[in-house]
Structures are given as structure tokens and as C-alpha cells.
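# Structural features, examined
What follows is the residue order along each chain.
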Amino acid sequence: MKKIACLIIILFSLTTFAQQKGDTIIANNPSNLKLKVLYFHVTNRCATCRSIEANVRKTLNDYFLNKIELGTIDFYVVNCELPENKELAKKYDAYGATLAITSYMNGKEARTEDLSNWAFQKAHDAEVFVAELKTKIEDYIK
Amino acid sequence: MKTQNKLQFASIVYLLMVLLFAGCGSSGNKTEVPKKTDSIRATENPKEASVPIKDTANKAAVAPVSNDVSKVMIYNFHVTNRCASCIAIEEATTKTLKTYFENELKQGRVKRRIVNVDDEANQKIAEKYQAFGSGIFVTRIYKGKETTTDLTGDGFKFAKNKEERFIEILKNKILEYLK
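Residues numbered from 1 in each chain as written. Chains lettered and ligands numbered in written order. Predicted model: local features only at pLDDT ≥ 70, side-chain atom pairs only at ≥ 80, totals over all residues. Heavy atoms only, no water.

### Quick notes on the pattern of salt bridges
All names here are of chain A. Tallied over the full model, the rule gives 15 salt bridges over all chains. Between Glu 138 and Lys 134 there is a salt bridge, with its nearest N and O atoms 3.3 Å apart. You can see Glu 138 and its partner Lys 134 sitting in helix 6 (residues 126-140), four residues apart, about one turn around the helix. Relative accessible area serves as the criterion here: at 34%, Glu 138 is assigned to the partly exposed category. According to the relative accessible area criterion, Lys 134 is partly exposed, its value standing at 24%. (Salt bridge = Lys/Arg side-chain N within 4 Å of Asp/Glu carboxyl O. Helix = DSSP H or I, 4+ residues; strand = E, 2+ residues; numbered from the N terminus. Buried < 20%, exposed > 50% of the residue type's maximum accessible area, 1.4 Å probe, protein only.)

### Digging into the side chain of Arg 140 of chain B
Residue and element names in this part refer to chain B. Within the element layout of this structure, Arg 140 appears in strand 3 (residues 135-142). One buried charged residue, Arg 140, remains without a salt bridge, the closest side chain of opposite sign being Glu 176 at 7.4 Å. Within the local environment of Arg 140, its side chain forms a polar contact with the backbone oxygen of Lys 179, the two atoms lying 2.5 Å apart. Filtering out sequence-adjacent residues up to four positions away, Arg 140 remains in contact with Ser 70, Lys 71, Lys 145, Glu 146, Thr 147, Tyr 177 and Lys 179. (Lys, Arg positive; Asp, Glu negative; His and termini not counted. Polar contact = N/O pair within 3.5 Å; in protein donor to acceptor, adjacent residues only side chain to side chain. Contact = heavy atoms within 4.5 Å.)

### Here's the deal with the packing of aromatic side chains
Residue and element names in this part refer to chain B. Across all of its chains, the model carries ten aromatic pairs over all chains by this definition. Both rings, one in Tyr 75 and one in Phe 77, keep their centres 5.7 Å apart while their planes meet at 10 degrees; by these two values the pair is stacked. For the pair Tyr 75 and Phe 77, a shared accessibility class is recorded, and that class is buried. Taking 5.2 Å as the distance between ring centres and 55 degrees as the angle between the ring planes, the aromatic pair formed by Tyr 129 and Phe 137 counts as tilted. Classification of Phe 137 by relative accessible area gives buried; the value is 7%. (Phe/Tyr/Trp six-rings, centres within 6.5 Å; stacked < 30°, edge-to-face > 60°.)

What follows is the structure, encoded as C-alpha cells:
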């Protein structure tokens, strides 16, 4: 019976862990901060939502890695349905998949742009998505 | 007795594995394309549509509407294996139409189609709207000219957890396009 109990526990753990991935929050140096890139998602995600995240990550990894290391850009990928993210989600009006960027001037929030509609339009063309997001980010961190 | 225990153990393990894989098997198989979920199979020519109508919104296509009057077409695109947000968008669209546009639906000024983009029969319409997955598009047709707004982003952002916000956005867009 012990063996069966162990087996049940292992199987349940596997299925549970497969669905739960931690949020990504990278904020390296608040005094250098010029831009926050935030992507919110729900718990049960579709392929389009995942491709948006992948495209955002690719843009940052390919072109802005040093800016992230310096703290010029912060990057958030958070589940808007989790209680710990409720306040942040409310601030960004993010009740489902939402891509937003917020610029900072002298440590204060300057401007927020909601890129959700744009992101869903371009999600299926990674090349265009990455190129356009790269330009947008460059404009903000000039 | 030992053999009996082993047998019992083996059958429980087998049962658990069957249950586990049955649960996982519901996603990822795109070869089976159930077309029953489409309320209508979209074609370039609405007269060609022959699939049974599920949505009352589609029953409105009765009297022809003059070209001088603006008409609104709403497309709910989806793939075969749908996520909760995609389903929520379709449900919120139905609610919006039934609550605010019952008359326009009857007059044929507002129409809605639910289109599975995985179905080859819908390839043309999906390409026209560049709909590769879930999406909601609102098109105004006036004097033969089409203007389209893509509300997919708003749909994914609000329809599941803040439905009233999405209904408001969709309602306002339809009202604007009906002018």
C-alpha cells in the first residue's frame, strides 16, 4: 500500500509542477532604470500567448541583454491570476494576456504604452515582431 | 498471496497510467478537426455557407440590406484546441450581440461568424484576416468598402476575467461602425 501511496504522490506532483512555472522578474539596478517591459498572462495559456512571450524574450536576449544586466531595462513575466500579482495587474489593467512598457525618467514613471493589440497582431510573425519591438524599445531608452 | 498483491499493484499502476495519459491526450492532436463547433463555415460568399447555424446571431441573414447602409461583420476565429480566453471571447461576443444588437441582427445589419482556422474550408477567410489562431475582427461594410478593427488584444486582455470591459469595447466599436 505504501508503494501505491508513493506512486500517487509522485504522479500528482508531476502533473502539478508541469502547470506551475514561476514568474520572471528581472530588476537589476533601479537607479539606472529607463524602461520596464511587462508581460502578463493567465494560468491556462494558449499558443499565441506563449509565442508573444517567446518573441519578447528573443528581442531582449538578442538586442538588450547588456541593458538588462545594467538595470536600464527591467523585465517582468507574471501570471495576472495569482494573488501576489493582483496589484500590479490592476495597475496595468491586465486581466488577461497583456504586453506593456513603462518608461522612467530620473527614477519616476514617465509613460506607459499598452502593446497588447499590436502583440496579438504580430505574434505569428516572429521576425516582424522582434524587429518592431526592438525599434520601440530603442526609442524609449534613447 | 504475494502474487495476488503484485497483481493488484500492477493493475492499480496500469489504471493510474491510463488515467494520466487520457487527460493529456486532449491537446495537440490537430489531425482530428471537429467542425461541429463552427456556427457557420465561413466562405467568401455568404450564400455558400451551408453548415447548420448554432448562433441566433446568424439567423439574421434574411432581408438584403442596401449598400448605402453600413453593415457590420464580426468574425470570431479560433483553432480546434481552444483555450479559456478564446472561448471567453466568443461568449462575450454572443452576449454583446444578444444584449445590444438584437434588432440589427434581425435586420441583417450586424452578422457574426465563428470560424475554425484549422478547417481547410476556412483558409481563404483566415488568410484575408491574417488569422492564424484565435482572433476577433470587426469589419464595417459601407458602399462596397471594408474597414476592419482587430480586437484580439482587447479580447485576450479582458474577456476572461473582466468580461464587462470587453463587452463595452466591442459594443462601442459596433455602434461606431453602424453610423
